[in-house]
Each structure stands twice: as C-alpha cells, then as structure tokens.
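Descriptive structure summary
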Amino acid sequence: MNDLSQPAIKLPIAPQKYVDENIAVFRGVVKKYNMDGYQFTAIKDANCAIPRGEITYVYGPSGSGKTTFLNMLSMLDKPDAGEISLLGKDVLTMSDNEAADFRSRHIGFIFQSFNLIPVLSVRENVEFPLLRHGLSRKERREKAEHYLEAVGLKDYLGRRLGAISGGQRQRVAIARALVTTPSLVIADEPTANLDSATSDEIMNLMLEMRRKFDTSFVICTHNENLLRDTGRLIHIVDGELQDIGGLQ
Ligand SMILES: Nc1ncnc2c1ncn2[C@@H]1O[C@H](COP(=O)(O)OP(=O)(O)OP(=O)(O)O)[C@@H](O)[C@H]1O
Ligand SMILES: [Mg+2]
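Please read all numbers here as calculations on a predicted model, not as lab measurements.

So, about the pairing of strand β2 (residues 38-51). In this structure, strand β1 (residues 22-35) lies alongside β2, joined through 10 bridges in antiparallel fashion. Counterpart to A24 in the pairing with β2 is I50.

This next bit is on the site of ligand 1. Inspection of the region around ligand 1 gives 13 residues, with S62, G63, K66, T67 and T68 positioned closest. In the model, an oxygen atom of ligand 1 is placed 2.5 Å from a nitrogen or oxygen of the S62 side chain. When ligand 1 is considered free in solution it has 630 Å² of accessible area, and contact with the protein chains removes 62% of it. Counting residues per element, the shell around ligand 1 draws most heavily on helix α1 (residues 66-73), which supplies three residues. Among the residues making up the shell around ligand 1, the classes are represented as five nonpolar, six polar and two charged.

What follows concerns the pairing of strand β7 (residues 184-188). Among the five residues in β7, five count as buried, and that is most of the element. Side chains of β7 alternate between two faces, with L184, I186 and D188 and V185 and A187 buried alike. Two elements, strand β6 (residues 107-111) and β7, share five bridges in a ladder whose sense is parallel. Within the sheet, the bridge partner assigned to F111 lies in β7 and is D188. Relative to strand β8 (residues 216-221), β7 is paired through five bridges, and the arrangement is parallel. Residue pairing for β8: A187 is matched across the bridge by I219. Since β7 and β8 lie parallel, the crossover through helix α6 (residues 196-213) that links them has a hand, and here it is right-handed.

Here the focus is the nonpolar core. Core analysis: the largest hydrophobic core is formed by 40 residues, its most contacted members being I174, M206, M209 and F217. Looking at this core, the elements that each hand over two or more residues are β3 (55-59), α3 (122-127), α4 (137-150), α5 (166-178), β7, α6 and β8. For this core, the element with the most residues is α6, which contributes seven residues. Setting aside residues up to four positions removed in sequence, M209 forms contacts with A150, V151, I174, L178, D214 and F217. Grouped together as the second largest cluster of nonpolar side chains are 29 residues, A24, F26, C48 and V91 included.

Let's shift gears to the sheet that holds strand β4 (residues 81-86). Taken together, four strands build an open sheet; the order of strands is β2-β1-β4-β5 and the sheet is antiparallel. If you trace the sheet from one side to the other, it starts and ends with β2 and β5 (89-90), each paired once. The pairing of β4 with β5 spans two bridges and is antiparallel. Paired with L86 across the strands is K89, a residue of β5. Packed onto the sheet, α1 meets β1, β2 and β4 and runs at close to 120° relative to β1.

Reading the values: the criteria
Residues numbered from 1 in each chain as written. Chains lettered and ligands numbered in written order. Predicted model: local features only at pLDDT ≥ 70, side-chain atom pairs only at ≥ 80, totals over all residues. Heavy atoms only, no water. Pairing = 2+ DSSP bridges. Helix = DSSP H or I, 4+ residues; strand = E, 2+ residues; numbered from the N terminus. Near = heavy atom within 4 Å. Polar contact = N/O pair within 3.5 Å; in protein donor to acceptor, adjacent residues only side chain to side chain. Areas by Shrake-Rupley, 256 points an atom, 1.4 Å probe, with all protein chains shown as cover. Nonpolar A, V, L, I, M, F, W, Y, C, P; charged D, E, K, R; others polar. Buried < 20%, exposed > 50% of the residue type's maximum accessible area, 1.4 Å probe, protein only. Right-handed = clockwise from strand over helix to strand, strands pointing away. Core = buried A, V, L, I, M, F, W, Y, C linked by side-chain atoms within 4.5 Å. Contact = heavy atoms within 4.5 Å. Axes fitted to C-alpha atoms, helices over the stretch in contact; angles between N-to-C directions.

In structure tokens, the structure reads:
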C-alpha cells in the first residue's frame, strides 16, 4: 500500500445533498476549437437537462461532439458561450480549484480505456479516489470492498490488474467511480474496448448500479445496440444536440 500511504487531504467543500430534479442544465452552450487559423464549432447552441437519478445516453456518431459535451459537463473544459449549471451551481464562475474540489466530491468517471493504475491491486485502485476525502485507511478499505462486492469482484480484491480481464477492469472502474458516492457518474464510450457480450454486461451493470445507489449516469456511445429502453436520450449529430427525452 505504499502508494496509498500519503496523508489524506481534507476538502473545503462539505458533501451536501442536492434536491433539484435536474443534475445539470445547459443553456445556449457553444464550444469552438481553434484550428490552423480558423474556428470550428464543435457544439452548437446546446440546450438540455440531465435529470437526477436516471441514465442519460448521449448518442451520436464519431466526431459528433460527445466527448466535447462531456468535458464541459465535467468542468474539464469551458464553453465559449452559454450557461451550465451543475447541482444548481453556475459552474462557469468557479475557480479551477473550486471546480477540481467539486468534481472530486460529486462526479465519478468511467473511461473507454479504464484508466486504472497498473501497479496497484484491484482494491487499491478503488481506494485511490478516497485519499482526498479525509477517511482512515480502514474506512477506505471497507468502502472499496463494499463497492467491489457490488460489481461482483469480491473474490478479486488483492489481484493485480494484469491478472484480470478487460470486462473485470471496467467493473473495477465502475466501483472506483461509485466509491466516493457521487451525484453523477460520467462514462465516455465505456465499452468501446470490450467484446459485444461483455459490453452488454457492463451496460446492464451500470443500470443495476444506478438503481442500487440512486446515482445519475451519463453514458456516451456511438453504438445503438448499447442503448437500453429505460432512461433518457440526447442525440448529437455534427455538434447539434437534440434532447429526445424518455426512452420508455
Ligand atoms: N482539441 C481539439 N481541437 C480541435 N478540434 C477538436 C478538438 N477536440 C475535438 N475536436 C473536433 O471536434 C469534433 C467533436 O469531437 P469529439 O471528440 O467531441 O467527438 P466524439 O463524438 O467524442 O467522437 P468519438 O466518438 O470519435 O470519440 C470533431 O470534429 C473533432 O475533430
Ligand atoms: Mg469521444
């Protein structure tokens, strides 16, 4: 556990329960990239709401702007115009430090390429985001084990990442995203590196985790087969967002 032995940092923002029905609201959001002397508009006048406690799919072809949209939703990037509120807060007025603290408290991430730490065990990977949360080592361990059990990996706690499959790695990443009890989990093409049967399992697991932990998920994908018939759909084509609404 050498890598996890550093002192925990207490964050200035206390966890708070948020009661509004929307986790995030975009109003008139525009994002442009500067490319070789000209500007390319990657997101054009986006208006949408991400409802609390549901799965929202952001679905569109490669290059349509899904990652650009998620980067703004997670405050990793700022828009050129428009307003974004997250848990009722105007995110564009936050300093970089405030945004980083807010992100670590309220948002969990699941990536296409898992982004786990290879030298750490399964359990140490899930404990890792808790280092910023001022918990004892025992509390970190117990929380990590709880979420690893929820994703079906209780027999793999001490395994090195090299000794588990791609699907199991994504399960570790799901436990890591949930362990801080975030209000929102953001997944950018979470199954793109998995075969179709494992992709189905991972999508179903996220649905199950959403129900079990009452967390909101935003999942972006270009694969229509991965959309489920519950949740909400935002369709995106050439940077134009269409908030389709409920899938049921
Ligand atoms: N940093 C950047 N600088 C310039 N253009 C960019 C940048 N990032 C993305 N783009 C362009 O913006 C558009 C949207 O890109 P984005 O990565 O958001 O698409 P995507 O829907 O996530 O695609 P994929 O499914 O392939 O991941 C693309 O045309 C891309 O080339
Ligand atoms: Mg992308």
